[in-house]
Amino acid sequence: VPHVVLSSARGITDGVATATRVRLAAEEQAEAVARYAVTDLGARRFGVLFPSHRAGVRMMGAFWDEVVRLGGEVRAVEGYGADERNFNGPIRKLVGASKPGSGTHDFDALFIPDDALSVRRLVPFLKYWGVGVKTRPGLRGTSKRPFVQLLGAAGWNHGSVVDKGDNLTDNAVFVDAFVHDPDDAASDDFSRSFFARYRR
């Protein structure tokens, strides 16, 4: 009998041939989106803007480690309070700005491991501080101010992440409950078997 395990605990299905885990741990989400950004999107320089709670710190660390492992660089990191409503301070520090539009940044992707409501509040502050968001593939910007690809975790998978007006979350990339990881034998086997049976 096949078992679908709704747990984010790593190793819980080890040695159980009929079980697959379909919920990623916070660190696995961060690693997956980092791998996608480096290998599929070609990003090499990253910023991280994270909530300073337990899961946010764990995702920041896992993302950073995976980026470095894959040959990329984390160029700017800034945390903010878990209940933050005004993101002026953290973003000002992230881009080294004294006033809106005066800062520079040299990262081409920004990882924000937070929930959809916080992301919706945060993204307009990026624009205010001069961070151009890559709302469609192909946007480049300048070497001092490249357009930034937004990256997120499972908390982004909600309709409220869509901002009203500027569409600054268009083209954003986030990971959710299951990701096909060809380096993970169980994930790869499940994905290939599922596709062979259902052709999707």
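Use the structure listed above.
The rules behind these values
- Residues numbered from 1 in each chain as written.
- Predicted model: local features only at pLDDT ≥ 70, side-chain atom pairs only at ≥ 80, totals over all residues.
- Heavy atoms only, no water.
- Phe/Tyr/Trp six-rings, centres within 6.5 Å; stacked < 30°, edge-to-face > 60°.
- Helix = DSSP H or I, 4+ residues; strand = E, 2+ residues; numbered from the N terminus.
- Buried < 20%, exposed > 50% of the residue type's maximum accessible area, 1.4 Å probe, protein only.
- Lys NZ or Arg CZ within 6 Å of the ring centre and 35° of its normal.
- Core = buried A, V, L, I, M, F, W, Y, C linked by side-chain atoms within 4.5 Å.
- Contact = heavy atoms within 4.5 Å.
- Pairing = 2+ DSSP bridges.
- Axes fitted to C-alpha atoms, helices over the stretch in contact; angles between N-to-C directions.

So, on to the packing of aromatic side chains. Inspection of every chain in the model, using the stated rule, returns seven aromatic pairs. Geometrically, the ring pair formed by Phe87 and Phe125 is edge-to-face, given 5.8 Å between the ring centres and 70° between the ring planes. With Phe87 in the loop between strand 4 (73–80) and helix 3 (88–95) and Phe125 in helix 4 (residues 116–128), this pair connects stretches of sequence that are 38 residues apart. Considering the side-chain rings of Phe194 and Tyr198, the 4.7 Å spacing of their centres and the 40° angle between planes classify their relative orientation as tilted. Of the two residues, Phe194 and Tyr198 both sit in helix 5 (residues 185–198), four residues apart, roughly one turn of that helix. Residue classification places Phe194 among the partly exposed residues on the basis of a relative accessible area of 32%. The ring of Tyr198 has Arg197 sitting right over it, with the charged end atom 5.1 Å from the ring centre.

Looking now at the nonpolar core. Counting residues in each nonpolar core, the largest one holds 25 residues, and the members touching the most others are Leu49, Ile91, Leu110, Ile112, Leu122, Leu126 and Leu150. Looking at this core, the elements with two or more residues in it are strand 4, helix 3, strand 5 (109–112) and helix 4. Among the elements that take part in this core, helix 4 stands out by supplying six residues, more than any other. When near neighbours in sequence (up to four residues on either side) are disregarded, Leu150 contacts Leu110, Ile112, Val123, Leu126, Val133, Trp156, Leu168, Ala172 and Val173. Of all hydrophobic cores here, the second largest spans 24 residues; its members include Val38, Met59, Met60 and Ala153.

Here the focus is the sheet that holds strand 6 (residues 149–152). The strand order 4-3-5-6-7 describes an open sheet built from five strands, whose pairing is parallel. With partners counted over all chains shown, the strands left at the sheet margins are strand 4 and strand 7 (173–174), one partner each. As defined by bridge partners, strand 3 (residues 45–51) adjoins strand 4 across seven bridges and the pair is classed as parallel. Within strand 4, the residue paired with Arg45 across the bridge is Glu73. Its contacts with the sheet place helix 4 against strand 3, strand 4, strand 5 and strand 6, and it is angled at close to 150° to strand 5.

Bear in mind that shape data such as this cannot, by itself, settle questions of function.
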